[in-house]
Amino acid sequence: MRELAASEPPANPTGRMLFVRDHDNAIGTIKEAVLRRPSFFQQYGGVMLDWRYLWSRSDEDVAEQANWVKLQQLQVGVDFGSGFNLYPDLRIVTNNTYETARSWKKIENVIGKMGTLGAKTLVTSLHQRGFAYAGQNKVFEAEFAAGLKRLARKAAEHGITVYLRNTHRRGYPSDFETVRKLIRKDTQNRAAVLVCLQAA
């Protein structure tokens, strides 16, 4: 019998997250989702969750899960991209007062739970425009910039970084081209978008 020298376990990989989708609540807890993958910590430093996962969980459940997440130094991100469809889920534009207020209530709820969990990454994308903004690109861009600014401020209160994912929808320019246009458009929109980028 010989004594082995103490050794530090390797650090978790950084910058790589596994997107874990919660189909019919199949994830269970974050711990269960990670432990189902024995080599997880050799490949990833964290998990990316759809916003609905936290929205559907109670504050008590999230607080209970946070203990294991923090002990493992697990990075957690939340993707809001699937929700920005104007209806029935989320919107940050103001074309419908009731639906906008309902959406912000959900967004603030999820951001608060992200703070509890120690999640530091929030991913979003451009809205679907729908028929509400047909032929009103300037109005849409101004309202989206204002909503993005508000989202960044709320996230920053919890130390959360906001990232705008570049996507391409048929018939529309890429998100990158649209955001670049917003930044260059005028001082008001430029300030709104830059606040979001700085908060990120």
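Further up the page is the structure itself.
Counting restarts for each chain, with residues numbered from 1 along the sequence as it is written. Only residues with pLDDT of 70 or above have their local features reported here, since the model is predicted, and side-chain atom pairs are shown and tallied only from 80 upward, although totals for entire chains, interfaces and linings are computed over all residues. Only hydrogens and water are set aside; all other atoms, that is, all heavy atoms of the structure, feed into the side-chain values.

Peer 1: How should I be thinking about the packing of helix α5 (residues 97–117) against helix α6 (residues 137–156) in this particular structure?
Peer 2: Two quantities define a packed helix pair, namely the angle between the helix axes and the distance between the axes. The angle between two axes is taken between their N-to-C directions and runs from 0 to 180 degrees, where each axis is a line fitted to C-alpha atoms and a helix contributes only its stretch in contact. Think of it this way: any DSSP run of H or I at least four residues long counts as a helix, any run of E at least two long counts as a strand, and we number them from the N terminus. Their axes nearest at 10 Å, the elements α5 and α6 cross at an angle of 30°. Put simply, α5 runs roughly parallel to α6. Along this stretch, α5 crosses α6, giving a crossing that reads as right-handed. Of the residues in α6, those touching α5 at Trp104, Ile107, Glu108 and Ile111 are Gly147, Arg150, Leu151, Lys154 and Ala155. Classification used: nonpolar for Ala, Val, Leu, Ile, Met, Phe, Trp, Tyr, Cys and Pro, charged for Asp, Glu, Lys and Arg, polar for all others including Gly. Here the residues of the contact of α5 with α6 sort into 5 nonpolar, 1 polar and 3 charged. For classification purposes, an angle smaller than 35 degrees is called roughly parallel, one larger than 145 roughly antiparallel, one from 65 to 115 roughly perpendicular, and anything else oblique. Crossings are classed by handedness, with left-handed meaning an anticlockwise turn of the near helix from the far one by less than a right angle and right-handed meaning a clockwise turn. Any two residues having at least one pair of non-hydrogen atoms within 4.5 Å are treated as being in contact.

Peer 1: So what exactly am I meant to see when it comes to the pattern of salt bridges here?
Peer 2: Pairing is possible between side chains of opposite charge, provided their charged atoms come close. Each salt bridge in this description consists of a side-chain nitrogen of Lys or Arg and a carboxyl oxygen of Asp or Glu lying within 4 Å of one another. All told, the structure shown has 6 salt bridges when counted by the stated rule. Close ionic contact of Arg150 with Glu108 constitutes a salt bridge, the shortest N to O distance being 3.8 Å. Here Arg150, found in helix α6, pairs with Glu108, found in helix α5; they are 42 residues apart in sequence, far enough to count as distant. When salt bridges with common partners are traced through the structure, they connect Asp50, Arg52 and Asp89 into a single cluster.

Peer 1: Looking at this structure, how should I read the packing of aromatic side chains?
Peer 2: Two aromatic rings are characterised by how far apart their centres lie and by the angle between their planes. Classification of ring pairs rests on two measures: the distance between centres of Phe, Tyr or Trp rings, Trp counted by its six-membered ring, which must be within 6.5 Å, and the angle between planes, read as stacked under 30 degrees, edge-to-face over 60 and tilted in between. This structure, assessed with the given rule, holds 4 aromatic pairs. Seen in terms of ring centroids, Phe40 and Phe41 are 5.1 Å apart; in terms of plane orientation they differ by 85°. Their pairing is edge-to-face. In this scheme, a residue with accessible area under 20% of its type's maximum is buried, one over 50% is exposed, and one in between is partly exposed, where area comes from a 1.4 Å probe on protein chains only. Under the relative-accessibility criterion, Phe40 is labelled buried at 2%. Geometrically, the ring pair formed by Phe40 and Tyr44 is tilted, given 5.5 Å between the ring centres and 35° between the ring planes. Geometrically, a charge over a ring is one whose NZ (Lys) or CZ (Arg) sits within 6 Å of the ring centre while staying within 35 degrees of the ring normal. Across the ring face of Trp104, the terminal group of Arg150 is positioned such that the distance to the ring centre comes to 4.1 Å.

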